[in-house]
Amino acid sequence: MTRVAGRVLKPHGGLHAFDQSTYTGRMRQANWVFAFLLAAVVALAGCKSSGNSCGCGDDYVVNADIWGAPEGDLFIAGYRGMTTGFVKRFENGTWTTIYEGGHSLTSLWGTSSEDFFVLDVAYPVVQHYSHGAWQSWYLGRSLDGGPGIREAWALWGTADDDLFVAGSDGVILRFDGVSWQSMSTPTTARLSGLWGSAHDNIIAVGQQGTILHFDGTAWSIVPSPTTASLNAVWGASADNVFIVGEIELEISHVILHFDGVTASIMHQGEKGLLGINGTGPDRVYAVGAKRNGDGVSGGVFRFDGIRWTEVSVGVSQFLWDVWVNPDGSYIAVGPDDTIINRSGK
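Values in this document were obtained by computation on a predicted structure and should not be read as measured data. (Residues numbered from 1 in each chain as written. Predicted model: local features only at pLDDT ≥ 70, side-chain atom pairs only at ≥ 80, totals over all residues. Heavy atoms only, no water.)

A. Inspection of the pattern of salt bridges at higher detail. What the rule picks out here adds up to 11 salt bridges. Close ionic contact of Arg80 with Glu100 constitutes a salt bridge, the shortest N to O distance being 3.1 Å. With Arg80 in strand E3 (residues 74-80) and Glu100 in strand E5 (residues 94-101), this residue pair connects regions lying 20 residues apart in the sequence. Taking relative accessible area as the criterion, Arg80 reaches 24% and is therefore assigned partly exposed. (Salt bridge = Lys/Arg side-chain N within 4 Å of Asp/Glu carboxyl O. Helix = DSSP H or I, 4+ residues; strand = E, 2+ residues; numbered from the N terminus. Buried < 20%, exposed > 50% of the residue type's maximum accessible area, 1.4 Å probe, protein only.)

Printed below as a string of structure tokens:
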């Protein structure tokens, strides 16, 4: 797809191309909403909004999401303090910041290390990095109350001209390389996770046990065996999909399996689960944590193709996301600049 600098995207359903003056004006008008949502993001990171359980300040770093490009390069999206978002790239054995700006970045997806998208959860903006240049789109509701998205929680695609964003109120937006459009969905639940095996086989998961399936034409409800808050989804194939969530917030988890037709419970236990990734049907990792009063115990669970077992990591932080490398090693990320790298053996 050829991109033209300064090109104005066609507004569809109240969605607009990014414009700095418009963005700044909307930012001012939405300050109170923005502050409230960021407080919620910090709470989700395992950092209490009151008390002294952690150093939640301008220098407090949250590594929110990790993604590996097909070439093997690793990237982290996150934020520092309350309003400074960043993207880090693993280069020569160290994490180097390649972007920093006024967005609380929480989700990554792309086609290569030179072409990827990053999502701002609190003030819904998508940033696109393409061969050294950044481009942005505002996805929020228009000022006249038209369609859009209040909070953007999940990002996934098949190509840079076939991208999906899901979030609050059951809203899913689709990008065709030219414009963003709202899709009809059969739910109003907040959607927190997206994954697919192809453009006509995509799964979205969210609150109240919500599971949706897109067949290339329409989104439909998948009957769910739980009412837990489902946070993330990953699949080894179209008929071997894993979904993780929290039965009780920050306390207990559920892991579901979807075979392309039916969703069933695989595992339940202590520690809420927030992220999942794998390299195949017998090497899947899920991460999260349990809050114990003012303390936190991080959790890593592994599926070996037969059963789920907890892996001891000795981390006193929430683990938000995980990436599994082809050699079986994995990297988990979280708040307080947490990055753990394990062999997976």
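B. Molecular detail of the side chain of Asp115. One can find Asp115 in strand E7 (residues 115-120). For Asp115, a relative accessible area of 9% puts it in the buried group. With sequence-adjacent residues up to four places away left out, Asp115 is seen in contact with Gly110, His128, Tyr129, Ser130 and Asp160. (Contact = heavy atoms within 4.5 Å.)

C. Representation of the pairing of E3 in the model. Of all 7 residues in E3, 6 are buried; the element is thus mostly enclosed. Taken together, the 7 bridges between strand E2 (residues 61-68) and E3 define a ladder with antiparallel strand orientation. Bridging across to E3, Val61 finds its partner in Arg80. Note that E3 and strand E4 (residues 84-91) share 6 bridges and pair antiparallel. Residue Tyr79 lies in a different strand from E4, and its bridge partner there is Gly85. Between E3 and E4, which pair antiparallel in sequence order, lie 3 residues; one of them, Gly81, sits at a positive phi of approximately 65°. (Pairing = 2+ DSSP bridges.)

D. Just the packing of aromatic side chains, in detail. Inspection of the entire model under this criterion finds 21 aromatic pairs. Ring geometry for Trp137 and Trp180: centres 6.3 Å apart, planes at 65°, overall edge-to-face. Residue Trp137 is located in strand E9 (residues 133-138), and its partner Trp180 is located in strand E13 (residues 180-183); the two are separated by 43 residues in the primary sequence. Summarising the burial analysis for this pair, Trp137 and Trp180 share the class buried. Here the aromatic cluster, defined as three or more aromatic residues joined through ring pairs, consists of Trp67, Phe75, Tyr99, Phe116, Tyr129 and Trp134. The aromatic ring of Trp153 is capped on one face by Arg190, whose charged end is 4.3 Å from the ring centroid. (Phe/Tyr/Trp six-rings, centres within 6.5 Å; stacked < 30°, edge-to-face > 60°. Lys NZ or Arg CZ within 6 Å of the ring centre and 35° of its normal.)

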